[in-house]
Every structure is written in structure tokens, then in C-alpha cells.
Amino acid sequence: MTATLVAKDVAGGYAHRVLFDHLDLTVAPGDVVGVVGANGAGKTTLLRVLAGDLAPLAGSVSRAPSDAFVGWLPQEHERIPGETVREYVGRRTGCTAATQAMDAAAAALADDSAPDDAADVYAAALDHWLTTGAADLDERLPAVLADLGLATDLIDPDTTPMTALSGGQAARVGLAALLCSRFDVVLLDEPTNDLDLDGIARLEEVVAGLRGGVVLVSHDREFLARTVTRVLELDSAQHTNTVYGGGYESYLEEREVARRHKREEYEEFAAKKADLVARARTQREWSSQGVRNAMRKAPDNDKIRRRAATESSEKQAQKVRQMESRIARLDEVAEPRKEWVLEFTIGSAPRSSSVVSTLNNAVVRQGDFVMGPVSIQVNAGERIGITGPNGAGKSTLLRLLLGHLEPDSGSAQLGANVAIGEIDQARGQFTGMTPLADRFAELVPDHTMADVRTLLAKFGLRADHVDRAVGELSPGERTRAGLALLQARGVNVLVLDEPTNHLDLPAIEQLESALDSYDGALLLVTHDRRMLSNVRVDRHWHVERGRVTEQ
């Protein structure tokens, strides 16, 4: 079934804060709309409104036909304790809910006291059950999981709990749910998070092959460039929303031109108004000076000179009024407000020893997984990019190099005077129920609480963030706290494990800029293809099946 999703004059947000308003968007079959904007601009809120999970503050969202099946895949894969992979996929695809609705309708129809419309209710529930693909989901799921590298000898969908999976495996199960779904319109929130390069490539194929419309939020610039047909920008600084035709690269060009024109338009208005105001001020001064001179110089009985001076003063006053009228008739042009941009540098520490870390025939065994033997060395100031599929051992390699993990055989040695700054995938330094300000102060004991709050505010974490428990912050907010920590601490070894996950586009660009000026050792693990091409590295390691090769 082809379906169209229409948002008309929609406002979204919360009672105390409107994030966007007067938003119009039509998503027709074949459309792939990318939603971009800074963190907090309302991107996830918009997807929830389009999905019907959150009521709009104003306006309406409609579907044509009205029973169109809209699927929303949230940013974070909610893993319910005890829920198996099959149960998770059933919930994400809507098949479980459709089955429950059909069973309830069937039970009501079989009841002797069934209402008159019970047969119609059952027929509608059955039709929806068939539409969701629930009838053959059990048969389709194992093949889809296997195609995504999650064969049944690795993951049994009937017994493996979602909580037992790694972040990458959970991301692939989320991709499997998308492949198994029969949504008419798909809403995707950060679908590339935790996916490796192969997973992202598969996701791109899936998006390109969907017959229905797609609305997606992503901070992966290459993914956006390869998939979207239109871009919806939520600009929190200007409090505007704009739809740009064409793909992502076209959007970047059009946005730059539009911003330049707005700035030029304002500067032209401001210069013209300033000129008129200055001329009016001069005329006013001339008029006042003329009256004072006439009163001082004219004799009491010189009526002719007095009359001439008065007439001259009235002419000057008339010119002032004309100038003020011209100013009032100017079409006011509001000054474009600058969007908040994260600007930071990575704090430096005294240089470490010439050798930062060494592994010599190091081997780690974790269940059936074996890492190694690995023999590598990281030198001071080296910049190393690390790639590889999910589960290949990249994070294990980092833990070995940093001394967080002892090898089962072989040796691992950390150099002297090594000051490590790290952002791990789980943002593990910021978990739990401690308020953000208190947790940050624990990590930088040489900073006063006032210094802590000032620094966090620079990273967009203000009063409504710093007193909240770190575990209640969004993934993007925890990532910014991690970046703030890098600036507060001096480091000479920087380890970044998927740093772009949950960061908005401006913050990613600022991180790339900060890395460009950083002169310590760098270990960068990322699946962001733009970052891999933009950040300068001296060496490239590829990790696969527990082995490390240099490319």
C-alpha cells in the first residue's frame, strides 16, 4: 500500500518550551527526508509527533489512507530485561501488538455477548495483522539475522536476551527489525549509531529500496549524502524550519547562500537606517543651534531677522520630521541570530615517553573470542585510525593498549608520563545518579564548582543540565560532557571510540577542528566515513576476527 504522511502547521515541544512551530511537511512514497539541526532543536520530538507517539502543541498530522502503517524506530534501542531477540523484533515491527489486537478481537467475536460490530472489528484487526507481516515473521527472521552476520549459532532469536548483546549486535538486530517490517512510512532516529561500515552500507541499501516514504534523523554526513532526497532543517537560533529540495550536498550549498543573503540584507538595512538616523540627528542639531543663535544675536526690535530665523528653524524641523518618517517607513529586517556553536580545544599535558604503549604477542581470551597474538607499538604524537566490523576486537585492543586489560599471554606495557583522555562508546565516565556538576567535579578536583559550571555551560550544559543525574542526560549531552572533560584535563594520549555517536553536525565539525590542532598521540575508532577522510592520521589499523593488520 502506498501512503502519504502530511504535517500541517505543526508545533512541537513541551508546555514550557516550544521547539518548532508552523511546520509543514508532506512525505510521499519514495521521499527520503533528512531532518537536521543542533541537539535540542526538536528532531526526535518531531519524529514522535509524526509517529503519533506525542501530540502536537498545534496543527495536525494526517495519513492517507488513514490506516497507513507508520513505524518509528527510536534512537536508543530499548532493551527490556528478559526480552528475547524475537520478542524485541516483534515489538519493534508492530507484529506483537497486531497479534494481541487480533487475538482480543477473536475472543470478543466468540463471546455470546459480542457487540454488533465485533465481526467488523475482527476483520480490521486481521487485515492489520496481515499487513504488518506478523503471519510469516517467525519464518523470515532467522534468514534476515543470518544475512546481517547474526547466524543462529551465534544468536538464537528464541533464547538470546537483547541485554546480552553488544551495542553493535543490538544495532544489527534493530536493522533486522527494519528489514522485517512492513511499514508504509518509516521514521528513523539515528539509525547508523553503533553500526559498522558494512552495517551502514546495508542500511543505505534498505533505505534506497523502501517503497514508502522515509523521515530520518542522522548526524552521519556521508549517509545523508547517499540517501536523502530532501532536507528539513530545524534552526533553533532563528526559530525557523525550512525544507530544502535536492540532496544533502545541495542543502549545504543552498543554506550557505541563504545565510549570506540574510546577512547582506540585514547589513544593508542597518547601514541605511544608521545613515538616516545620523542625518536626522544633524538636522536636529542645526535646528536647535539656529534657534539659539537667533535668540542671542537678534535685537529685541529686529522683527525681520527674528522672523527669518524662525522660518529657517521651522524648515530644519520639517526636514527632521521627514527624515524620521523615512526611518519609520523602512521595512524592518531582524538581525540573524548566531546559532550556538561548540568551540573547544583539547587540553595538552607534558610530553610522554617516546613510546606510549607496546603489545608483544599479546593474547586475550573472552569466551569463544580470541584477540591476538598482537604485536604493535604506539609512539608519542602518532595519529592512528582504527576500523573494523562490530565484534572484531577494536574496543578490546584499546583496553589492552591503555592498560585497562591484562593479556592472558604475551605482554602489554604502558609508557611513562602518559596522560590519557578517553571517550568510550558507552560514555562510561558519566553514568549513574550523581548530578552532572558533582560527577564532573570529582573528575577534575583542581577545579572549583564555579569553574565546573562555567566550563559545562560552554559546552551547552547549563543550569537545567548540571543538576540532573548523569544517567538521565541524553547520549549527546553525555558526549559533550566527555568533550568538556578533555578540555579540562591535560592529555597527551587521546582515545576516541565512536566519538560522533549522538553528536550533532556542528559539534562533529568542531571536534574535527580540535583534532586538527591537537599534537599528542591519537587513537581514533570511527565508522563515520567523513571523519575518516577529514581527520589527519599517520597510520591505519584494521581489526578483524581478533587480528590487527596495518593498511
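Everything quoted here is computed from the prediction, not taken from an experiment.

**As for the domain arrangement of the protein chain**
Assigned domains of the protein chain: these are domain 1 (4-248), domain 2 (255-328) and domain 3 (355-550). One C-alpha centre belongs to domain 1, the other to domain 3, and the line joining them spans 31 Å. Taken together, the contacts link 24 residues of domain 1 with 22 residues of domain 3. For the domain 1 and domain 3 pair, buried surface summed over both sides reaches about 2000 Å², with 46% attributable to carbon and sulfur atoms. The largest per-residue losses of area from domain 1 upon contact with domain 3 belong to Asn39, His219 and Arg221, which jointly make up 34% of the total buried on that side. Where Arg529 meets Asp220, a salt bridge forms, and the shortest distance between an N and an O atom there is 4.0 Å. Connecting domain 1 to domain 3 are 7 residue pairs in polar contact (both at pLDDT 80 or more). For the side of domain 1 that touches domain 3, the elements supplying multiple residues, two or more each, are helix 6 (167-180), helix 7 (197-209) and helix 8 (221-227). Broken down by element, the side of domain 1 that touches domain 3 gets its largest block of residues, 6 residues, from helix 8.

**Examining the side chain of Asp497**
On the secondary structure map, Asp497 appears in strand 15 (residues 493-497). The side chain of Asp497 sits in the buried core without any salt bridge; Lys394 is the nearest counter-charge, 6.7 Å away. Of note is the side chain of Asp497, whose polar atom sits 3.0 Å from the side chain of Ser395. Every residue in contact with Asp497, bar those within four places of it in the chain, is listed here: Ser395, Leu398, Ile423, Asp424, Gln425, Arg427 and Val525.

**Some details on the layout of surface pockets**
By volume, the second largest pocket is sized at about 1300 Å³. If you trace the second largest pocket, you find 40 residues lining it, with Asn39, Gly40, Ala41, Ser474 and Glu477 closest to the centre. Among the secondary structure elements, those contributing two or more residues to the lining of the second largest pocket are strand 2 (17-27), helix 1 (43-51), helix 14 (463-466) and helix 15 (475-488). Considering each element in turn, the lining of the second largest pocket owes the most residues, 5 residues, to helix 15. Taken together, the residues of the lining of the second largest pocket break down into 11 nonpolar, 14 polar and 15 charged. Residues lining the lining of the second largest pocket come from more than one domain, with at least three contributed by each of domain 1 (4-248) and domain 3 (355-550).

**What to know about helix 1**
Within helix 1, 7 of the 9 residues are buried, which leaves the element mostly enclosed by the surrounding structure. Every buried residue belonging to helix 1 is among Lys43, Thr45, Leu46, Leu47, Val49, Leu50 and Ala51, and all of these are buried. Just downstream of helix 1 lies Gly52, where phi reads positive at about 85 degrees.

**With respect to the pattern of salt bridges**
Scanning the model with the defined rule gives 24 salt bridges in all. Its salt-bridge partner being Asp158, residue Arg86 comes within 2.4 Å of it at the nearest N-O pair. Of this pair, Arg86 sits in helix 2 (residues 85-93) while Asp158 sits in the loop between helix 5 (137-147) and helix 6, and the two are 72 residues apart along the sequence. Of the charged contacts, one joins Glu222 and Arg530 as a salt bridge, the two residues approaching to 2.6 Å between their closest N and O atoms. Taken as a pair, Glu222 in helix 8 and Arg530 in helix 17 (residues 529-534) lie far apart in primary sequence, 308 residues in all. In the salt-bridge network here, residues are joined through shared partners; they are Glu204, Asp220, Glu222, Arg226, Glu249, Arg529 and Arg530.

**Thoughts on the sheet that holds strand 12 (residues 383-387)**
One open sheet holds the 6 strands; their spatial order is 14-15-16-12-17-18, and the pairing between them is mixed. Only two strands of the sheet have a single partner each, and these edge strands are strand 14 (420-423) and strand 18 (547-550). Neighbour-to-neighbour, the strand axes of this sheet turn through a mean angle of 15 degrees, independent of strand direction. Across the sheet, helix 15 is in contact with strand 14 and strand 15; its angle to strand 14 comes to roughly 170 degrees.

**Re the packing of helix 2 against helix 5**
Where helix 2 meets helix 5, the closest approach of the two axes is 11 Å, and the angle between their N-to-C directions is 110 degrees. The orientation of helix 2 relative to helix 5 falls into the category roughly perpendicular. Within the contact between the two elements, helix 2 uses Val85, Arg86, Val89, Gly90 and Thr93 and helix 5 uses Leu137, Asp138, Leu141, Pro142 and Leu145. Here the residues of the contact of helix 2 with helix 5 are counted per class, giving 6 nonpolar, 2 polar and 2 charged.

**Quick look at the packing of helix 12 (residues 436-443) against helix 15**
Relative to each other, helix 12 and helix 15 sit at 30 degrees, their axes nearing to 11 Å. In this view, helix 12 runs roughly parallel relative to helix 15, as classed from their interaxial angle. Read as a crossing pair, helix 12 and helix 15 show a hand that is right-handed. On helix 15, the residues that touch Leu436, Phe440 and Leu443 of helix 12 are Ala481, Ala484, Leu485 and Ala488. Residues of the contact of helix 12 with helix 15, tallied by class, amount to 7 nonpolar, no polar and no charged.

Cut-off values and rules
- Residues numbered from 1 in each chain as written.
- Predicted model: local features only at pLDDT ≥ 70, side-chain atom pairs only at ≥ 80, totals over all residues.
- Heavy atoms only, no water.
- Domains from an automatic or database assignment.
- Contact = heavy atoms within 4.5 Å.
- Buried area = accessible area lost by both parts, 1.4 Å probe.
- Salt bridge = Lys/Arg side-chain N within 4 Å of Asp/Glu carboxyl O.
- Polar contact = N/O pair within 3.5 Å; in protein donor to acceptor, adjacent residues only side chain to side chain.
- Helix = DSSP H or I, 4+ residues; strand = E, 2+ residues; numbered from the N terminus.
- Buried < 20%, exposed > 50% of the residue type's maximum accessible area, 1.4 Å probe, protein only.
- Lys, Arg positive; Asp, Glu negative; His and termini not counted.
- 1 Å grid on protein atoms, 1.4 Å probe; cavity = no way out; pocket = protein on both sides within 12 Å on 5 of 7 lines; lining within 4 Å.
- Points joined across faces, edges and corners; volume = space filled by probe spheres on them.
- Nonpolar A, V, L, I, M, F, W, Y, C, P; charged D, E, K, R; others polar.
- Pairing = 2+ DSSP bridges.
- Axes fitted to C-alpha atoms, helices over the stretch in contact; angles between N-to-C directions.
- Parallel < 35°, antiparallel > 145°, perpendicular 65-115°, else oblique.
- Left-handed = near helix turned anticlockwise from the far one by under 90°.

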